[in-house]
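# Descriptive analysis of the structure
Now for the letters of each chain:
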Amino acid sequence: MVEQRYKGYTLRNFEEIEQVKSLSPEIIEAIKVVGHVLPFKVNSYVIDELIDWSNIPNDPIFQLTFPQKDMLKPDDYQVMKDALDRGASEEEITRIANEIRYQLNPHPAGQQQYNVPMLDGEQIPGMQHKYRETVLFFPKNGQTCFSYCTFCFRWPQFIGIESLKFASKEIDKLVNYLNEHEEVQDVLFTGGDPMVMKPHMFGEYIRPLLEIDHIKTVRIGTKVLAYWPYKLTEDTSEGPKYLDLFKEVSDSGKHLAIMAHFNHYAELKTDAVKRATRNLRQIGANIRTQSPIMNHINADAKVWAKMWRTQVDMGMVPYYMFIARDTGAQHYFKVPLVKAWEIFYKAYQNVSGVCRTVRGPSMSTTWGKIEVTGPARVGNQRVLTLRFIQGRNPDWVGRPFFAKYDENAIWLDDLKPAFGEKFFFENETQYLQSFDRIKNLVELPLISS
Ligand SMILES: *Cc1c(COP(=O)(O)O)cnc(C)c1O
Ligand code: SF4
């Protein structure tokens, strides 16, 4: 078989894409204008094998990867379009773009203030420790992706505003930190997409973790299966090396969990993703899947039911449905909480129990991951019931709480407590820090083996 070579397209060269040449001038203009504000990159696999070019602009994968006019507010769109039309300098265009970007709330849920842990009195910038058992790690060399998702809240990392970037200097700090934190059981590599790294580079990050006894699970948050599955097929130069590296992890007795990001069943249809999935399963990796629910892409129960069903058929485990974060082009993608709940349960009711490992819809808030468990009536009041799936204080997890019923709410901030002045956790602001700084406050004993 011929080796598949990755080719990426950005604003600079996307007009060379054969299929783009037949798009309308309006669509091409929108890509240019919006692409100057939101990150834009798409690769040859997405173009040739995923997008259905007979269904533009509605094709979900086209919506997922190509900037669309309505992703910017009309005023912002006009300002950028005017600047481009009059041939404004690169400096001016960057300044305009940054003004729009800063309004788009680039670091939601207090990621920068609250979650960065300390070691020897210094902050460790490439890490987050929010929930007791799991440390997130952002390898410096994994701060890009195979293609960029138009909805992505990680976008400040890709557009080169230096002060907004997460990046880790080195693995040593992670290892030192973990050695001092026996409560941590999982390390979750994230990015960007850590699998953009060459296998030998990723190996340098992963291998030291195999020596740490209390680390039980190596998780890799990645969209590689959706955007570049050739990274894990036998017929490419990197595929066998990656599979060998991952086999080392399973052989060491650790659990290798691929947290695979899929937004639509269209991403599961190719021969390459099927082979890559089979290969991962063969070396002992478990694949769990997650996605936000988004207007224009997957706000439809049939899409979710078919996606979960197909994933299970392929040997994956459905894990999370998220509510799209309050950042970036959220006005374009947003699905109200009640609507998301309806879609989730309509899909959930139509799949067999083996697909019902999935949880959601869930908001990743400053306080933790909060699941919308659904509308209900308490006495004569309509409420929305909620509960934590993950909390900064582990003691919050699982406790039901109630908000006033509100069909238009799209995030926790929009909800009002149904009883009393505050939600119960709002009195516990002492937990709003990286886990290492609140360690002494957490009273629940850690149950470890
Ligand atoms: C989602 C998330 C995790 C992992 O949560 P799980 O429910 O264990 O999958 C860990 N850290 C942060 C900051 C997260 O947002
Ligand atoms: S692959 Fe993940 S990190 Fe990259 S743009 Fe998409 S959602 Fe964001």
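Residues numbered from 1 in each chain as written. Chains lettered and ligands numbered in written order. Predicted model: local features only at pLDDT ≥ 70, side-chain atom pairs only at ≥ 80, totals over all residues. Heavy atoms only, no water.

## Some thoughts on the site of ligand 1
Let me state the cut-off plainly: For this description, a residue counts as near a given molecule or strand if any of its non-hydrogen atoms is within 4 Å of it. Two N or O atoms count as a polar contact when they lie within 3.5 Å, although within protein this holds only if one can serve as hydrogen donor and the other as acceptor, and sequence-adjacent residues are included solely when both atoms are side-chain atoms. Note on areas: Shrake-Rupley with a 1.4 Å probe; residue coverage comes only from the protein chains shown. Under the DSSP-based scheme used, a helix requires at least four consecutive residues in state H or I and a strand at least two consecutive residues in state E, with every element numbered from the N terminus.
In the region of ligand 1, the neighbouring residues are K130, Y131, T134, L136, R219, Y319, Y320, K369 and Q390. Interatomic distance of 2.7 Å between a side-chain N/O atom of Y319 and an oxygen atom of ligand 1. The separation between an oxygen atom of ligand 1 and a polar side-chain atom of Q390 is 3.0 Å. Here ligand 1 loses 88% of its free accessible area of 390 Å² to cover by the protein chains. If you list the elements that add at least two residues to the shell around ligand 1, you get β5 (127–131), β6 (134–137) and β11 (317–323).

## Looking at the site of ligand 2
To be explicit about the condition: Amino acids outside the nonpolar list (Ala, Val, Leu, Ile, Met, Phe, Trp, Tyr, Cys, Pro) and the charged list (Asp, Glu, Lys, Arg) are all regarded as polar, and Gly is one of them.
The local shell around ligand 2 holds eight residues, among which C145, C149, C152, G192 and H261 are the closest. Split by residue class, the shell around ligand 2 holds five nonpolar, two polar and one charged.

## Regarding helix α4 (residues 74–85)
Inclusion rule: To estimate the expected span of a helix, count its residues, drop one, and scale the result by 1.5 Å. Any two residues whose heavy atoms approach within 4.5 Å are treated as being in contact.
Compared with the 16 Å implied by 1.5 Å per residue over twelve residues, the 16 Å span of α4 between its first and last C-alpha is a close match. In this structure, the buried side of α4 is in contact with α1 (25–35) and α5 (90–103). Within two residues after α4, G87 carries a phi angle of roughly 65 degrees, on the positive side.

## A closer look at the side chain of N263
Applicable threshold: When a residue's accessible area, from a 1.4 Å probe over protein chains only, is under 20% of the maximum for its type it is buried; when over 50% it is exposed; and in between it is partly exposed.
In this structure, N263 sits in the loop between β9 (255–261) and α11 (271–282). Judged by its relative accessible area of 0%, N263 is buried. Polar contacts involving the side chain of N263 include one to the side chain of S291, which spans 3.0 Å. Excluding residues within four positions of it along the chain, N263 makes contact with L64, F151, K223, S291, P292, M294, I297, N298 and M307.

## Side note on the pattern of salt bridges
Put simply, the rule reads: In what follows, salt bridge is the name for a side-chain nitrogen of Lys or Arg lying within 4 Å of a carboxyl oxygen of Asp or Glu.
Here the structure, examined in full by the defined rule, presents 20 salt bridges. In this structure, E18 engages K21 in a salt bridge whose closest nitrogen and oxygen atoms are separated by 3.2 Å. The same class applies to E18 as to K21, namely exposed. With its nearest N and O atoms 2.9 Å apart, the salt bridge here joins D251 to K247. Placement of both D251 and K247 in helix α10 (residues 239–251) is noted, with a separation of four residues, approximately one turn of the helix. Judged by its relative accessible area of 55%, D251 is exposed. In this structure K247 comes out as partly exposed when scored by relative accessible area, which is 37%. Here the salt bridges do not stand alone but share partners, grouping R86, E92, R95 and E99 into one network.

## Considerations on the packing of helix α8 (residues 199–206) against α10
Applied cut-off: Here the axes come from fitting lines to C-alpha atoms, over the contacting stretch only for helices, and the angles between their N-to-C directions go from 0 to 180 degrees. Should an angle fall under 35 degrees it is called roughly parallel, over 145 degrees roughly antiparallel, and 65 to 115 degrees roughly perpendicular, with every other angle called oblique. Left-handed is the label given to a crossing in which the near helix is rotated counterclockwise from the far helix by less than a right angle, and right-handed is the label when the rotation is clockwise.
For the pair α8 and α10, the least separation of the axes is 9 Å and the interaxial angle reads 15 degrees. Taken as axis vectors, α8 and α10 run roughly parallel relative to one another. In the packing of α8 onto α10, the handedness of the crossing is right-handed. Residues P199, F202, G203 and I206 of α8 touch α10, and the partners they reach there are K241, Y242, L245, F246 and V249. In terms of residue class, the contact of α8 with α10 is made up of seven nonpolar, one polar and one charged.

## A look at the environment of P199
You can see P199 is positioned in helix α8. Looking at P199, the relative accessible area reads 7%, which means it is buried. Sequence-wise, P199 and L243 are 44 residues apart; in three dimensions their C-alpha atoms are separated by 9.0 Å. Look past the residues within four positions of P199 in its chain and what remains in contact with it is E238, K241, Y242 and L245.

## A closer look at a nonpolar patch on the surface
The line we're drawing: Each patch groups residues whose relative accessible area exceeds 30% and which form no salt bridge, using 9 Å between like charges and 5 Å between nonpolar side chains of Val, Leu, Ile, Met, Phe, Trp and Tyr.
On the surface, V378, F402 and F419 cluster together into a nonpolar patch covering about 230 Å² of accessible area. Tracing the sequence through the fold places F419 in the loop between β15 (400–404) and α15 (435–438). We classify F419 as partly exposed; its relative accessible area is 42%.

## Digging into unusual backbone geometry
Here G191 and G192 are connected by a cis peptide whose omega angle stands at 15 degrees. At the junction of G360 and P361, the peptide bond is cis and its omega measures out at -10 degrees in the coordinates. Note on placement: P361 falls in strand β12 (residues 359–364). Of note, H296 is a non-glycine position whose phi angle comes to about 75 degrees, a positive value.

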